[in-house]
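# Residue-level structure breakdown
One letter stands for each residue in the lines below.
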Amino acid sequence: MLNIKKESNGTELTVALEGRLDTTTAPEFENEIKESLSDVKELVLDLSNLEYISSAGLRVLLSTQKKMNTQGSMVVRNAREEVKEIFEVTGFADILTLE
Amino acid sequence: MERVDQFPSHELNGIKYRAGKTMPFGATVLDDSTVNFSVYSKHSTRCNLVLYHAGDAKPFIEIPIPDEFRIGSVYSVMVFGLDWENIEYGYRFDGPYDLKQGHCFDKTKIVLDPYAKLVSGREEWHTRTYPKKSFQFRGRLIRDDYDWGGDKPLGTPMKDLVIYEMHVRGFTKDESSGVKYKGTFAGVVEKIPYLKELGINCIEFMPLFEFEEFFPALDDVPCSYWGYSTVNYFSPKTGYAAHGKNGLAVDEMKNMVKQLHKNGIEVILDIVFNHTAEYGDGGEYLSFRGVDNKTYYLMNGDGTYSNYSACGNTMNCNNPIVRNFIVDSLRYWVSEFHIDGFRIDEAPIFARGQDGEPMVSPPLVEALKNDPVLNDTKLISEGWDAAGFSTIGKFPVGWADWNPRMRDTLKRFAKGMAEAGPELITSLEGSPDMFWDSGPASSVNYVNSHDGFTLYDTVAYNHAHNEGNAYTSPMDSEFDNCSWNCGAEGETDDVAVNGLRRRQMKNIMTLLMLSRGVPMFWAGDEFGNTQYGNNNAFSQDTIISWLDWNRLKEYQDVYEYVKRLIAFRKGHPVIRKEDYFNGHNSLDYPEVSWHGERAWEFDRSSPFLTFGFMYS
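Residues numbered from 1 in each chain as written. Chains lettered and ligands numbered in written order. Predicted model: local features only at pLDDT ≥ 70, side-chain atom pairs only at ≥ 80, totals over all residues. Heavy atoms only, no water.

Each helix and strand in chain A was counted, giving four helices and four strands. Counting from the amino terminus, helix and strand elements in chain A follow one another as β-β-α-β-α-β-α-α. In summary, chain A has a C-alpha radius of gyration of 12 Å against a globular reference of 13 Å for 99 residues, a match within 12%. If you line up chain A on its principal axes, its C-alpha atoms span 35 × 25 × 20 Å. Put simply, chain A has 99 residues, and 46% of those count as buried. Long-range pairs, those at least 24 residues apart, make up 68% of the contacts in chain A with a sequence separation of at least 6. For chain A, the accessible area works out to roughly 4600 Å², and carbon and sulfur atoms hold 42% of it. (Helix = DSSP H or I, 4+ residues; strand = E, 2+ residues; numbered from the N terminus. Rg over C-alpha atoms; globule rule 2.2 N^0.38 Å. Buried < 20%, exposed > 50% of the residue type's maximum accessible area, 1.4 Å probe, protein only. Contact = heavy atoms within 4.5 Å. Areas by Shrake-Rupley, 256 points an atom, 1.4 Å probe, with all protein chains shown as cover.)

This paragraph deals with the overall build of chain B. Each helix and strand counted, chain B has 14 helices and 23 strands in total. A globule of 616 residues ought to have a C-alpha radius of gyration of about 25 Å, and chain B, at 25 Å, matches this closely. Of all 616 residues assigned to chain B, the portion counted as buried reaches 62%. Within chain B, contacts between residues separated by at least 24 positions form 71% of all contacts whose residues are at least 6 apart in sequence. Charge separation in chain B, taken as the distance between the mean sites of 62 positive and 86 negative side-chain charges, equals 2 Å. (Lys, Arg positive; Asp, Glu negative; His and termini not counted. Charge placed at Lys NZ, Arg CZ, Asp CG, Glu CD.)

Put plainly, a disulfide is one covalent bond tying together the sulfur atoms of two cysteines. For the coordinates displayed, the defined rule picks out zero disulfides over all chains. For the unlinked cysteine Cys104 of chain B, the closest cysteine sulfur is that of Cys47 of chain B, found at 16 Å. (Disulfide = S-S within 2.5 Å.)

For interface size, the figure often reported is the accessible area lost on association. Listed per partner, the contact involves 22 residues of chain B and 22 residues of chain A. The junction of chain B with chain A conceals about 1900 Å² of combined surface from both sides, 48% of it contributed by carbon and sulfur atoms. Contact with chain A buries surface across chain B, with Glu85, Asp147 and His243 of chain B losing the most and accounting together for 27% of the total. Where chain B packs against chain A, one counts five salt bridges. A salt bridge links Asp145 of chain B to Arg59 of chain A, with the nearest nitrogen and oxygen atoms 2.6 Å apart. Where chain B packs against chain A, one counts 14 residue pairs in polar contact (both at pLDDT 80 or more). Of the residues contributing to the side of chain B that touches chain A, the split by class is six nonpolar, five polar and 11 charged. (Buried area = accessible area lost by both parts, 1.4 Å probe. Salt bridge = Lys/Arg side-chain N within 4 Å of Asp/Glu carboxyl O. Polar contact = N/O pair within 3.5 Å; in protein donor to acceptor, adjacent residues only side chain to side chain. Nonpolar A, V, L, I, M, F, W, Y, C, P; charged D, E, K, R; others polar.)

Residue and element names in this part refer to chain B. In this structure the tally under the stated criterion is 57 aromatic pairs over all chains. When the centroid spacing of 5.0 Å and the interplanar angle of 65° are considered together, the rings of Phe288 and Tyr296 count as edge-to-face. Taken as a pair, Phe288 and Tyr296 share a single burial class, namely buried. Its guanidinium or amino end placed over the ring of Phe214, Arg128 lies 4.1 Å from that ring's centre, counting from NZ or CZ. A cation over a ring is seen here: Arg138 above Tyr130, with NZ or CZ 3.6 Å from the ring centre. (Phe/Tyr/Trp six-rings, centres within 6.5 Å; stacked < 30°, edge-to-face > 60°. Lys NZ or Arg CZ within 6 Å of the ring centre and 35° of its normal.)

Within the secondary structure layout, Ser442 of chain B lies in the loop between helix 10 (432–435) and strand 20 (443–446). With residues up to four places along the chain from it excluded, the contact list for Ser442 of chain B reads Trp399, Ala400, Asp401 and Phe435 of chain B.

What follows concerns the sheet that holds strand 4 (residues 73–77) of chain A. Backbone-to-backbone hydrogen bonds join strands into a sheet, with any given pair of strands oriented parallel or antiparallel. Residues and elements named next belong to chain A. The strand order across the open sheet built from four strands is 1-2-3-4, with neighbouring strands paired in mixed fashion. Looking at the sheet topology across the chains shown, the edges are occupied by strand 1 (2–9) and strand 4. Averaged over all pairs of adjacent strands, the angle between strand axes in this sheet comes to 15°, irrespective of strand direction. Of the strand pairs in this sheet, strand 1 and strand 2 (residues 12–21) are connected by eight bridges, and their pairing is antiparallel. Directly across from Glu7, in strand 2, lies its bridge partner Thr14. With respect to the sheet, helix 1 (residues 26–36) is in contact with strand 1, strand 2 and strand 3 (42–53), its orientation differing from that of strand 1 by roughly 15°. Sheet strands touched by helix 2 (residues 55–71): strand 2, strand 3 and strand 4. Its angle to strand 3, the strand with the most contacts, is close to 175°. (Pairing = 2+ DSSP bridges. Axes fitted to C-alpha atoms, helices over the stretch in contact; angles between N-to-C directions.)

All names here are of chain B. Reading around the barrel, the eight strands line up as 14-15-16-17-18-19-20-21 and close back on themselves, with parallel pairing between neighbours. Each strand axis lies, on average, 25° off the axis of its neighbour in the sheet, ignoring direction. With four bridges joining them, strand 14 (residues 163–166) and strand 15 (residues 202–205) adopt parallel strand pairing. Its bridge partner lying in strand 15, Tyr164 is registered against Ile203.

A few words now on the confidence of the model for chain A. For chain A, the mean per-residue pLDDT works out to 94, and 100% of the residues sit at or above 70. Within chain A, the element-level pLDDT minimum falls on helix 1 of chain A, averaging 91, and the maximum on strand 4 of chain A, averaging 97. (pLDDT = per-residue confidence, 0-100.)

Time to look at helix 1 of chain A. All names here are of chain A. Along helix 1, the residues that are buried comprise Ala26, Pro27, Phe29 and Ile33. Taken end-on, helix 1 shows its buried residues confined to a sector of 155°, consistent with a single buried face. In the core, the buried residues of helix 1 are packed alongside strand 1, strand 2, strand 3 and helix 2. (Arc of directions from axis to C-beta.)

Attention now moves to the pattern of salt bridges. All told, the structure shown has 40 salt bridges over all chains when counted by the stated rule. Ionic pairing is found between Lys180 of chain B and Glu88 of chain A, a salt bridge with its closest N-O pair at 3.4 Å. Pair noted here: Lys180 of chain B is in the loop between helix 1 (168–172) and helix 2 (185–190) and Glu88 of chain A is in helix 3 (residues 81–90), and the two residues belong to different chains. Exposure remark for Lys180 of chain B: the relative accessible area of 42% places this residue in the partly exposed category. Judged by its relative accessible area of 37%, Glu88 of chain A falls in the partly exposed class.

Here we come to the packing of helix 5 (residues 288–296) of chain B against helix 6 (residues 320–337) of chain B. All names here are of chain B. One way to put it is that helix 5 packs onto helix 6 with a least axis distance of 9 Å and a crossing angle of 120°. Taken together, the axes of helix 5 and helix 6 lie oblique to each other. Contacts between helix 5 and helix 6 involve Phe288, Thr295 and Tyr296 from the first element and Ile321, Val322 and Phe325 from the second. (Parallel < 35°, antiparallel > 145°, perpendicular 65-115°, else oblique.)

Now for the environment of Asp494 of chain B. All names here are of chain B. As for its placement among the helices and strands, Asp494 is situated in the loop between helix 11 (455–458) and helix 12 (495–513). At 2.9 Å, the side chain of Asp494 forms a polar contact with the backbone nitrogen of Ala496. At 3.1 Å, the side chain of Asp494 and the backbone nitrogen of Val497 are in polar contact.

Residue and element names in this part refer to chain B. Where burial is concerned, most of strand 4 (residues 35–40) is hidden: six out of the six residues are buried. The side-chain alternation of strand 4 yields two buried faces, one formed by Val35, Phe37 and Val39 and the other by Asn36, Ser38 and Tyr40. With four bridges joining them, strand 3 (residues 26–29) and strand 4 adopt antiparallel strand pairing. Each residue of the ladder has a partner; that of Ala27, found in strand 4, is Phe37. Linking strand 3 to strand 4, which pair antiparallel, is a turn of five residues.

So, on to helix 4 (residues 249–262) of chain B. All names here are of chain B. Counted at 1.5 Å a residue, the expected span for helix 4 with its 14 residues is 20 Å, and the 20 Å between its end C-alpha atoms agrees. Counting buried residues in helix 4 gives 13 out of 14 residues, a clear majority hidden from the surface. After helix 4 finishes, the residue Gly264 shows a positive phi value of roughly 75°. (Expected span 1.5 Å × (residues − 1).)

Quick look at the structure:
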């Protein structure tokens, strides 16, 4: 399961994810984010409470990154060790901006 | 816009489905929860799709695929509402059981899709996820989209390659590797700066398709470490992925290829189509045997399995269906994983017909070099099979061969056999007698590979020491290692012996790197890695096979020397000539000349121990 918390501050949007980002939750995340991105210049994904990310989860982060590349920037913050490892071994660490 | 062919027409226990798309074969994720399944089986009478929640012993549904969903010999079904990342699948086939006719359908077995793109069952190295004899290798679903960031196969000319043969696990498994992700694709990535400094520009990976680590006739302790028992030809080895358990092997392997390419290093895969992990008579039902035995295997008239591979069975490579299967597999690896080339294990089996006999113009061999996707892909043949059929230098232009004559001749000469001299010269020239039509780049020159001694062991052992292997083999005593221990068998404190060994390693690497053709060496040979005298470490998941990186310090001089040799080779195109023409250059010297004890005086046809050669 995935909880999505959004906090907007002008053109900056922070999205905190809690739970698991996988096949069952990735479409939900994709829909949520699609609705909120229109005027966003700076997107922050706070992953401090994300326990697990699957192959499908990686792909929605990447497609979000691609969208943001055309209208601003995206950073991924506070990923846990296990999630960071997944970014690392799949090479997503090179594509995403991790902080 | 929604598609008009993606709505259910049937339902079973709450699972909705409809007739699938016949092509492509395999399981294809169509959207967030819809999957198309398609499988070939000519001789079966029925086929059920069996779906599991990952990890469950029992399936949650078994869908009999109706006759109206079958076109030709292909069953297909589209299933809706699947949590595709957490599904495992297989098929149950019914049909005749008559081994003399080649059939052995067994409806009590569930088997793996030959076109599965990811396989579960060995996510953790040498560990069974499911019990022996159960449906233990299961298909999984992947998304094949990947952000390659502009990457494609590098296309380095064959003549310019310096090939480094490597076992993914053995390369970094030992603590001494110092990497975080030991024994994995990610571990290889961590070592890229080292490989770049060394100067190699191509890795030939030992098998890394999903394979079986257990020996069928032995208990579960010994490990079939090398990887030549292939289970599936479309999926990477999950046990080589740091997060294979989470279904990330595909992404992890793609990342490895991408990172190697970024650093100018090509990727060649050792592929093993000559036999499968199902072994022969009485072997297990994993996949092909249960899907359509008669199509996939060469059978003898008495209903036993042909065994040209010496591994229990022989794939029916020139059956048109299997031929397409092999081409599909290779196209997949090139187009989806950006693989630069293949080394074909026991390649003569590609040239055997459906009766097992050698063919004059084997269609599979011809097809590969003329394939729209594969025509730039490097193809290297191991040109001998276990039944004594050799194809070295006989495949069409564009193919290359591992050159075992170079391997043996160079070692013999290095240990002081004058009679090896004449053959050595021909080998250093790029073996024109073997590859006249195609050129020196068709000769993959090597001295050491996974088969046989390491370079250090070549100069440290007279005899094989294979006592710890899972079982005995002819390699233990019948194989000519062409080695010389320099005066003591194995490790010694003798300063003179150790000094000579270092010089001998440098001698051998010098001749290898200055030869025309494409040099290849075994990972770790650049720093005197040892297998402690084991010349056949197929079952050694131990420091015998793993690289001992501590030796990099101990043999720093050898490493530095090899590094310079590689740089020298790369800096001098005359060594890497793509033809055998040896005209005079503008200084009126021949491009390569051979000399005896006096310059320009040399009888290359009689035994000798001293010679010089000059590239100009």
